[in-house]
Structure formats: C-alpha cells, structure tokens
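Chains, contacts and geometry: an overview
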Amino acid sequence: MSQTIDYTPETLPVLPLRGLVAFPETLIHFDVGRLISMKALEASMKGSQKIFLTAQCDISTDLPRPDDLFTVGTICTIKQILRLPGDNIRVLVQGTSRAMVQEFEDEGDDKCLYAKVVRLDTDPGRISQKRREALVRTLQESVEEFAQISTHVSRDIVMTVLDNDEPGFLADYTAQNLPINYEIKQELLEELRDVRRLEKMIRVLAREMDILQLEGELQDKLKDAVDKNQRDYYLREQMKIIQDELGEQSPEEETDTYRNQILDLHLAEKDEEKLLKEVSRLEKMQPMSAESGVIRNYLDIVLELPWNTVTPEKHNLAAARRILDRDHYGMEKVKERIMEFLAVKAMAPELKGQVLCLVGPPGVGKTSIARSVAEAMGRNYARLSLGGVRDEADIRGHRKTYIGAMPGRIINAVSQAGSKNCLLLLDEIDKMGADGRGDPSSAMLEVLDTAQNNAFRDHFIEIPFDLSDILFITTANDLDNVPRPLLDRMEVIELGSYTEEEKAEIALRHLLPKQLEKHGLKKSNLSLKHDAVIYLISAYTREAGVRRLEQLLAKICRKAAHIIQTEREANPEHPKRQRISVTRSNMEEFLGTPKYKKDNVSVRDEIGVVNGLAWTAVGGEMLQVEVNTMPGTGKLEITGNLGNVMQESAKAAVTYVRSIADKLQIDSKFYKENDIHIHFPEAAIPKDGPSAGVTMTTALVSALTNIPVRHDVAMTGEVSIRGRVLPIGGLKEKTMAAYRSGMKTVVVPAENESDLQDIEPVVRENIRFVLADTMKTVLDTALCRPVDSELPVLPLYQITPPRSGAAITEKTTMKQ
C-alpha cells in the first residue's frame, strides 16, 4: 500500500491509553472516563476530529504527564462518540498513520494535553516474493491456529487476515485484534520495517499459543480442585481488578458508602436497622443481578429524601406582604390568612404545618398565589396535580417488589422540593376519582391530617416520613366533589370572581406588562387606557378569572407588533407608527366584533317587569323578570329554564300575594280566575337559586295592580310566604352588575347590611342601597306609587358602609 505522507509537524490533542495501542488503518473502540481524556475528545471534535493516541508506560498512573507517555503513537480520526450511563464515553476511532512526538506542549485553557507530532513512514523492505509469501502464509496459519485455541478471536478477524497479503497491514491488523500485552504491541508499533514487524508478530503468536496451551492444561488440572467458594473468590478478585481498571466503585466501597449515608441521617433505631439490613442484603448479592438493582434504586430514593433538611423561614411580615401584593391584586382573605400564619409562626416556631384550601372559579389565581406564598415565607416549593388521579398507589406509592415500582406523588414532591418544611401545592384536589384500584382521596386523609402525618408511610420507602412541617395548599373549583372527611381536614378560603374594576387593575398592573415583554414591545409602543380595558372586559369576556383577558391582551400585542414591524421594514430610517393606541373606537380592528352586549335593561317604567340581580361563576348579571296575567282558569306558568328552587320561590311569591290581596286592593280570587305567567328571558341559560324571590313578588304585584315598576331600581333577596326578606350571597358581584347597568337604587336584605362593606367604593358612591326586612319596604321602593295609601311608606335612605373589607362568597345563589 503506497500513500503520500505529509511530514509537516501537526499539533494535536493527546489522549493517553491505558493497556491499549492503536495501529494505522484499523478501527478500535474504547471507553473514556478520565477528565484529561474527555477534554482531548472535546478539543478534537471542535477541530478536525483528529487526535493523537499514545499508550502510557504505566497503566496505574491516573494523571499521566508527558514523561509517562510513549513518544510513538498513532494519529486517528474520530468516527463515533457514544455516551454511556454515568460519566463514561465510548469512542470509535480509525488509525491514520504512525507519528512521533517532537515535543509536548503545556495545557491550554481547555485543560487538554497537546503534542507536536510528525508522521512516520514505513519501509516495505526488499525481500523476495517467495519469502514474502512464506511469511504471509505462516502468519495466516498461526492466526487460524490461535483462533482455535483462544475464544477471543472472532471468525471475521481470521477471514480478514486470510484475505490480505500485505505484510505491513497484516502485522498491524493482527497486533490490533489479538489479546497480547500492550508493551509488545508498542514494540510492534515502533517497528517501521514491514517485514521485520511481520516476523516479530509471527514469533509473538508462537509464544502466545504456547502460553495458551499451558493455561489450558493448568485449567484442566485445577478445575476439579477448586471448589465453588474459591471460584467465587477468584471471580471477585478479577472483578475488583476490572473495576479498578475502569475506574468504577467496587461493591465493598458501594455498600460502605450506603452505610455511612444511613448513619449520617440519625434516623430512628428501627428505621436505621431496616436500611442497614437492605445494605447487608445488597452486599451478599451478585452486582449484576436484578434484585441488586432493585435494592440500589430503593436505597438511592430513600437517601435522597430531605430527612433533616430544613430551610430557614422568613418572619418579616412587611416583606412578605410586599411580595404578595407585588404578584397578586386583591385576594385579601388569602393574604390575611398567610400573614396570620406568619405572625403565629414567628411567635410560636414549634407550630406545625397547616392545610389551606383555596376554592373558587377557574382563572382567579389560586395556583399562582401558592408560589408567591412560598417566596414570602422563604420555603421551597413543589406542585403536584391531582386532576385525573384514580389510583391509590399514585399517593402512597407501589411496593418495591413490583417491577417498575416507584414512590407516590407526595414523596416525589418532597424529594423535588428538597426540604422537609417545604410548601406543597395540591392542585385540583376536587378532580380526583376512584375506581377498582382504590380511592386516592382516602389515601389523602393521612397526608392532610396534621395529627397523623408526622409518620406518613409510603408503600415504597416503607419507613415513616414526617410531613407535619409541610404547609399544604390545595385548590378546588367545587367543594361538592371533595369528600367530607377530607374537607374537614382543610381550612377553606373561598375566592370569588373578580369584578370588572379588579380585572382592569390586574390587566394594567400584571397582565399587560407581562405580554409586552413576551412580545418584545416596550411601554412606549402600546397605549391601552383604563376605560379601554373596561370595554374590552365587558364586550369580549365572560369569565370569573382573567385567563381569557390575558389571551386577548396577547392578541392585541401580536397585532401591534405586526403593525410596528411592517412599518419598520417599509421605512427603516423613519418609521411612522412606533406607538399604537388601542381605544374603544378602534378595538374591533384588533379583536373583531364584540361578542357580548350590555345587559338588556328597560329605559322606561313598565308594568310587570322588574330588574333582578343574579350571581354567576363569571360575576354578577342583571336578570329581568316578566309577569303577565290574563283571564283563565288559575294556571301558573313558570318558564325560562328554571331549577326546582326557583320554581318553589315563584310559588312562595304567589302564596304571599294571595295573603295580602285585600291590602293590595285586588280580587282575592285572582289566582282562580286568572292565568299567571312568570318568565325569565334568555331561556337557553339554566337558572336556579332563591335570590329572585323578591323580584318575582314585585313583578307579580305590579302586574296585578297595574302599577309600573321603576326602571332604575334593582333588587335581590329571598322571600318567605310571610313576606320576610331573607339574606342572600354574592352581593359584591350583584351590585357591580347593577352599577354597570346604570341602576340608581338597589334593594338588598337587611341581614346583608354587614356585607355592604365589601362592595367596591365606586359602587357605593353611585348607588343608593335600601335595606329591606319585609316585602313592604321592597314594594314601596320599587313601585311608582304606593299600593296601599293607608299603610305608612318607609323612607328611602342611603347606606354608606366603611370602605375597608374583602369580598364575601355567597352560600346560596341564583346561577345563570
């Protein structure tokens, strides 16, 4: 084989080999685990993928220096790199040519050893053709004979040797692929004369075959004399040597490490004894057995848990309040409860963890506030979603004896958090299910019971773990789906839907700056005023939270970015539009036609038409009630897709009106001689709840007495058959709907007077509130003239409650 050799010196990274020698024109693969070798590979891959391989003089040297390396090696090209489990790398290289080191260079910035090398040419020599063929045949026969004795030579190697007649290549290929001492291989590599190298290879093969024959004879003689224990000892010693060569940890060192880690945890005596017993079992097993892998996995998971790791807590109430106010607007009840917890924790550090349950409609910030609470308290944070969990093993884990067993989600979350006093968010706790594999909500009873969770037992780790220092925060949309025993273990904090004003503040303070940054815009690029945000909320969204609002703001930002970038490309030097103003007038250009219209409220006083107030999951709504009477047989028709509670309220209203027919100066037999039809518009929307009782009663009285109802009055309240006005919930959202629809007066139950302090200040300033404890007050307020001039008319009065306080959450509502 003739080739052109470039004798120009090259500077290449050096990879020292231990017990290996690379030859030209051959492929060799080996594992790399030392840092100096990995750096050499990195340097080679960044360059021409060429690398200089040379053997160490002493294979026991871990950090070889230039004096520890042979000066003759092989320039190779890296063909493949494969990362193995752990920190090892398997490399496949192909030898290019022999080379000699002229000088080693100092380590560069990449901590890699370099060498200036010059390629070496081989000498084919002058030899007769007959002698050449004789040497080649001798080598081929020796390789065939060696392959029959040794099990380390594959048939492919033999076939390659038989198929080639080049002395230099045969010598190199045979030396590369046969299991002979690396020092002999180095001598063959340094021999540049092909014929001499082939002759030497033949002598080496003859010597190796003699040794193999002697080894075979010795093995036959010792096979019957060595018993099983001696063989095991022999194999273990061989394994030690192999692992030492590969830089791996021996089984004895591994078990010693496990024992030291277990003792350092200072666990209870029984728990420590159990773990040490597992280590003893591991020590007696074969390292490659399946059971040993199970025990290693078990010990690794147990030792990774934060048994004694506790993060210092922050007790600065002012700083904690600033963090909560920075990340979330409103949510006063949640913030106040967290501040109380921090205050008590500062005064009584031994207080164990608490369990809070945030209940509210989607999108109001239940999940996101948990992260802010963790930051405010200085605790590590982890979240696990319980939505769709149906298997008890998801909570408690699987027995480690099962294939693929793993700990439960609680233990995994604690391990992820990294401290035993972390904050765990159990998201969507009301979405857990149950099937034949068990009830996960029952497994959660122990987790959330502060009197029991100090010794929580996961099926996988099998020893108790203390959860009592963890602050659990759970979230739910509907408490009806949470089992009662589980609900009793949690302190429920209800979050109502946001009002329009709150949504506008959240949009301007948090959502809009977030979307501007996300879309590469500056504050100067987009103008969106408060009134425009209010219009956006009322015309394009119907939600309790702000998720849809954030999506619409993102859409506006995308369109603004498109307009600005288009203008920049059209006029790079002096773009015209660098600031986009979004107002009510041009909102349709960005978001299209409005999807929702204002509540349909009459602008004139009408008979039998009354403005009611309803609470929905997305806020308050105006809900008109229409009543019509006509001659008939006494039928009571109630329409509008109403629930059972609402239908019962309508019957209660009719009963009350019958009881005061004389005072209303109407025929006492109206219910027999007239058909009464009570209708709620928007019949496609289901409605239910008792809070429309006063509304239906007022509309019925108006229809029977032909007295119009004031169009600027709205009302809410449950009515009894004795005419008492009973309290309702959701007053904050309902009054906001009345304010949004332009109402001037709102009639509310007298027992809801304390709830008026939670109403938005802008609503209190623009609406007059009338407290009613009987229907007399309601009728005198809503009807255009008194129905009974003989009875005194109660005066209207303005209620101005304090401005402080948080929103309440209703207990019974009229849903729409």
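Residues numbered from 1 in each chain as written. Predicted model: local features only at pLDDT ≥ 70, side-chain atom pairs only at ≥ 80, totals over all residues. Heavy atoms only, no water.

Turning our eyes to something else, we now look at unusual backbone geometry. For Glu25, which is not glycine, the phi torsion reads 60 degrees and is therefore positive. Looking at the secondary structure, you find Glu25 in the loop between β1 (10-17) and β2 (27-32). Judged by its relative accessible area of 36%, Glu25 is partly exposed. Its identity as a non-glycine residue notwithstanding, Asn706 has a phi of 60 degrees, on the positive side. (Helix = DSSP H or I, 4+ residues; strand = E, 2+ residues; numbered from the N terminus. Buried < 20%, exposed > 50% of the residue type's maximum accessible area, 1.4 Å probe, protein only.)

The residue Gln515 is located in helix α18 (residues 500-518) in this model. With relative accessibility at 3%, the residue Gln515 sits in the buried group. Those residues in contact with Gln515 that lie beyond four places of it in its chain are Glu550, Leu553, Ala554 and Cys557. (Contact = heavy atoms within 4.5 Å.)

A few words on the pairing of strand β5 (residues 89-105). The sheet contact formed by β2 and β5 spans 6 bridges and is antiparallel. If you follow His29 over to β5, its bridge partner there is Leu92. Direction of pairing for strand β4 (residues 72-83) relative to β5: antiparallel, over a ladder of 11 bridges. The partner of Cys76 across the bridge, within β5, is Gly95. With antiparallel pairing between neighbouring strands as the criterion, β4 and β5 make up a hairpin whose turn holds 5 residues, including Gly86 at a positive phi of roughly 90 degrees. In terms of strand pairing, β5 meets strand β6 (residues 114-120) through 7 bridges, oriented antiparallel. (Pairing = 2+ DSSP bridges.)

Looking now at the sheet that holds strand β9 (residues 423-427). Pairing between the strands of a sheet is mediated by backbone hydrogen bonds and can be parallel or antiparallel. An order of β8-β9-β12-β7-β13 is seen for the 5 strands of this open sheet, with the pairing classed as parallel. At either margin of the open sheet sits one strand with a lone partner, and together these are β8 (381-385) and β13 (491-494). Adjacent strand axes in the sheet meet at a mean angle of 20 degrees when their direction is disregarded. Taken together, the 5 bridges between β8 and β9 define a ladder with parallel strand orientation. Its bridge partner being in β9, Arg383 is matched across the sheet by Leu425. Lying over the sheet, helix α12 (residues 332-347) contacts β7 (355-359), β12 (471-476) and β13, oriented at roughly 145 degrees with respect to β13. (Axes fitted to C-alpha atoms, helices over the stretch in contact; angles between N-to-C directions.)

Burial analysis of helix α4 (residues 167-177) places 10 of its 11 residues in the buried class, which makes it a mostly covered element. Turning to α4, its buried residues number three or more, namely Pro167, Gly168, Phe169, Leu170, Ala171, Asp172, Tyr173, Thr174, Ala175 and Gln176.

Running from amino to carboxyl end, helix α3 (residues 155-162) crosses α4 at an angle of 170 degrees, the nearest separation of the two axes being 10 Å. Classified by the angle between their axes, α3 and α4 sit roughly antiparallel to one another. Counted together, Asp156, Ile157, Thr160 and Val161 of α3 and Leu170, Tyr173, Thr174 and Asn177 of α4 form the full contact between these two elements. (Parallel < 35°, antiparallel > 145°, perpendicular 65-115°, else oblique.)

Where helix α19 (residues 530-540) meets helix α20 (residues 547-570), the closest approach of the two axes is 11 Å, and the angle between their N-to-C directions is 120 degrees. One finds that α19 runs oblique with respect to α20. Once α19 is placed against α20, the crossing between them reads as right-handed. Facing α19, whose interface residues are Leu536, Ile537 and Tyr540, α20 presents Leu549, Leu552, Leu553 and Ile556. Taken together, the residues that form the contact of α19 with α20 break down as 7 nonpolar, no polar and no charged. (Left-handed = near helix turned anticlockwise from the far one by under 90°. Nonpolar A, V, L, I, M, F, W, Y, C, P; charged D, E, K, R; others polar.)

This next bit is on the nonpolar core. Of all hydrophobic cores here, the largest spans 56 residues; its most connected members are Val373, Ile473, Leu526 and Met587. If one sorts the elements of this core by residue count, α19 sits on top with 8 residues. When sequence neighbours within four positions are dropped, the list of residues in contact with Ile473 reads Leu356, Leu358, Ala370, Val373, Leu423, Leu424, Leu425 and Leu426. (Core = buried A, V, L, I, M, F, W, Y, C linked by side-chain atoms within 4.5 Å.)

Another aspect to go through is the packing of aromatic side chains. Summed over the entire model, instances satisfying the criterion amount to 5 aromatic pairs. Judged by centre distance (5.0 Å) and plane angle (65 degrees), the ring pair of Trp307 and Phe465 falls under edge-to-face. Linking Trp307 in the loop between α10 (290-304) and α11 (317-327) with Phe465 in strand β11 (residues 464-465), this pair joins segments that are 158 residues apart in sequence. The exposure classification of Trp307 matches that of Phe465, with both residues buried. With a centroid separation of 5.9 Å and 85 degrees between ring planes, the pair formed by Phe670 and Tyr671 is classed as edge-to-face. With relative accessibility at 2%, the residue Phe670 sits in the buried group. Sitting above the plane of the Tyr298 ring, Lys400 keeps its charged end 4.6 Å from the centroid. Just above the ring of Tyr671 sits the side chain of Arg658; from NZ or CZ to the centre is 3.5 Å. (Phe/Tyr/Trp six-rings, centres within 6.5 Å; stacked < 30°, edge-to-face > 60°. Lys NZ or Arg CZ within 6 Å of the ring centre and 35° of its normal.)

Moving on, we get to the environment of Gly729. One can find Gly729 in the loop between β22 (725-726) and α25 (731-740). Taking C-alpha positions, Gly729 is 8.3 Å from Trp615, a pair spaced 114 residues apart along the chain.

Let us now look at helix α13 (residues 366-377). Taking 1.5 Å per residue as the helical rise, α13 with its 12 residues ought to reach 16 Å, and the 17 Å between its terminal C-alpha atoms agrees with that figure. Looking only at α13, the buried set comprises Lys366, Ile369, Ala370, Ser372, Val373, Ala374, Ala376 and Met377. Packed against the buried residues of α13 are α11, α12, β7, β8, β9 and β12. (Expected span 1.5 Å × (residues − 1).)

Attention now moves to the environment of Lys314. Looking at the element boundaries, Lys314 is found in the loop between α10 and α11. Judged by relative accessible area, which is 43%, Lys314 ranks as partly exposed. Once the C-alpha coordinates of Lys314 and Ala374 are considered, the two residues, 60 residues apart in sequence, prove to be 10.0 Å apart. In this structure Lys314 touches Leu342, Glu375, Ala376, Met377 and Gly378, once residues within four positions along its chain are discounted.

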